[in-house]
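Fold and geometry: a report
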Amino acid sequence: MRHFLRDDDLTPAEQSAVLDRAAALKADRFAERPLEGPQGVAIIFDKPTLRTQLSFSVGVAELGGFPMVVDGNLAQIGTRESIADVARVLRRQVSAVVWRTYGQDRIEDMAQYAGVPVVNALTDDFHPCQILADLLTVREHKGRLPGLTMTYVGDAANNMAHSYLLGGATAGLHVRVAGPATHQPDPRIVQRAAEIASQTGGSATVLDDAVEAVAGADVVITDTWMSMGQEQEAAERKGASSPFAPFAVDQELLAHATDDAIVLHCLPAYRGFEISAEVIDGPRSVVWDEAENRLHAQKALLAFLLDRARDDG
Ligand code: NVA
């Protein structure tokens, strides 16, 4: 059974095929109906959501299926009952499980017992569905992926930084991730990204200087300085002496990128913190295309995983 728990669960060829399929589904939204029936898909949230709930719900419906959104506060997975028992119940009723949760170990447990494809809709460590949408967006605006330089600045220790490293390397991009020395990516992820990049012609570079990271970049990306689950660190992360302040994406920083660089942000965005209003609401920003592309990318991913599940019998 194939799952999508982290970005490197897709090979470079598979990732490219999923992006092609996403573009085709964007052009003809009802072209594929693998969930005809309708078959159910459980979409479970242990953390807040807007785009993910919307795009998976609409996406499952457009694929002919029935989206069953489950409130993690009610389900209390792992406390009221074990993850394994929840997985054993889900597999009897749904064709796929989409889960946004905390630890990566939780979604790995779910995948072990689910018997149907499991999709990571964000954990503390990765947000791989967002990267598929971002790659689709970059490809639309730049006409290609391999060889481009994609820079992420801000909290370099978070899920987005990790997913850009793995997903970007898989796509053959030169990925640069920059954040303060106190908030750098997990070295195991950097190592894995470098391994992948050596096969795809890309590269993976970690920096602690925003200007150096953005210099000559084709794509500039940031994310909130306070991820879901870090609310108790709000003062330290977003206060006057935030370690992330030198990594804020404003016109001055963006001036170091290429003249036609595009700007991405997975949203929600906090104007005046990680990104200026002038940039996110300005001509370089493609964030609304990016948000729409969650729908198309995730539909293509689900169609791919359901194909593989059918092949496995
Ligand atoms: N790093 C952010 C991404 C939000 C889509 C978080 O985990 O909250």
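Residues numbered from 1 in each chain as written. Predicted model: local features only at pLDDT ≥ 70, side-chain atom pairs only at ≥ 80, totals over all residues.

**Some words on the UniProt feature "binding site: L-ornithine" (unreviewed entry) in the protein**
Per the UniProt annotation, the sites labelled "binding site: L-ornithine" (unreviewed entry) are N159, D223, S227 and M228. Spanning 70 residues, the named residues nonetheless gather at one spot, since no C-alpha pair among them exceeds 11.6 Å. Its place among the elements puts N159 in helix α7 (residues 159-170). With 23 C-beta atoms counted inside 10 Å, the residue N159 sits in the buried group. Ignoring sequence-local partners within four residues, the contact set of N159 consists of L122, T123, D124, D125, F126, H127 and S227. In this structure M228 comes out as partly exposed when scored by C-beta crowding, with 16 C-beta atoms within 10 Å. Once you skip the residues sitting within four places of it in the chain, M228 turns out to touch K47 and P48. (UniProt positions renumbered as here; feature names shortened; annotations may be inferred. Helix = DSSP H or I, 4+ residues; strand = E, 2+ residues; numbered from the N terminus. Buried ≥ 20, exposed ≤ 12 C-beta atoms within 10 Å, placed from the backbone. Contact = placed C-beta atoms within 7 Å.)

**Observations regarding the UniProt feature "domain: Aspartate/ornithine carbamoyltransferase Asp/Orn-binding" (unreviewed entry) in the protein**
Following the UniProt record, the feature "domain: Aspartate/ornithine carbamoyltransferase Asp/Orn-binding" (unreviewed entry) maps to residues 147-305 here. Across residues 147-305, helical content stands at 40% and strand content at 14%; the span's end C-alpha atoms are separated by 28 Å.

**Observations regarding the domain arrangement of the protein**
For the protein, the assigned domains are domain 1 (12-126 + 292-312) and domain 2 (129-290). The gap between the C-alpha centroids of domain 1 and domain 2 is 25 Å. At the junction of the two partners, domain 1 supplies 24 residues and domain 2 supplies 20 residues. When residues of the side of domain 1 that touches domain 2 are traced back to their parent elements, those giving at least two are α1 (12-27) and α13 (287-312). Examining the composition of the side of domain 1 that touches domain 2, we find that seven residues originate from one element, α13, more than from any other. (Domains from an automatic or database assignment.)

**Regarding the sheet that holds strand β5 (residues 149-153)**
Reading across from one edge, β7-β6-β5-β8-β9 is the order of the five strands in this open sheet, with parallel pairing throughout. Unpaired on one side and paired on the other, β7 (203-207) and β9 (262-265) mark the two borders of the sheet. Each strand axis lies, on average, 20° off the axis of its neighbour in the sheet, ignoring direction. As paired elements, β5 and strand β8 (residues 219-222) share three bridges and run parallel to each other. Bridging across to β8, T151 finds its partner in V220. (Pairing = 2+ DSSP bridges. Axes fitted to C-alpha atoms, helices over the stretch in contact; angles between N-to-C directions.)

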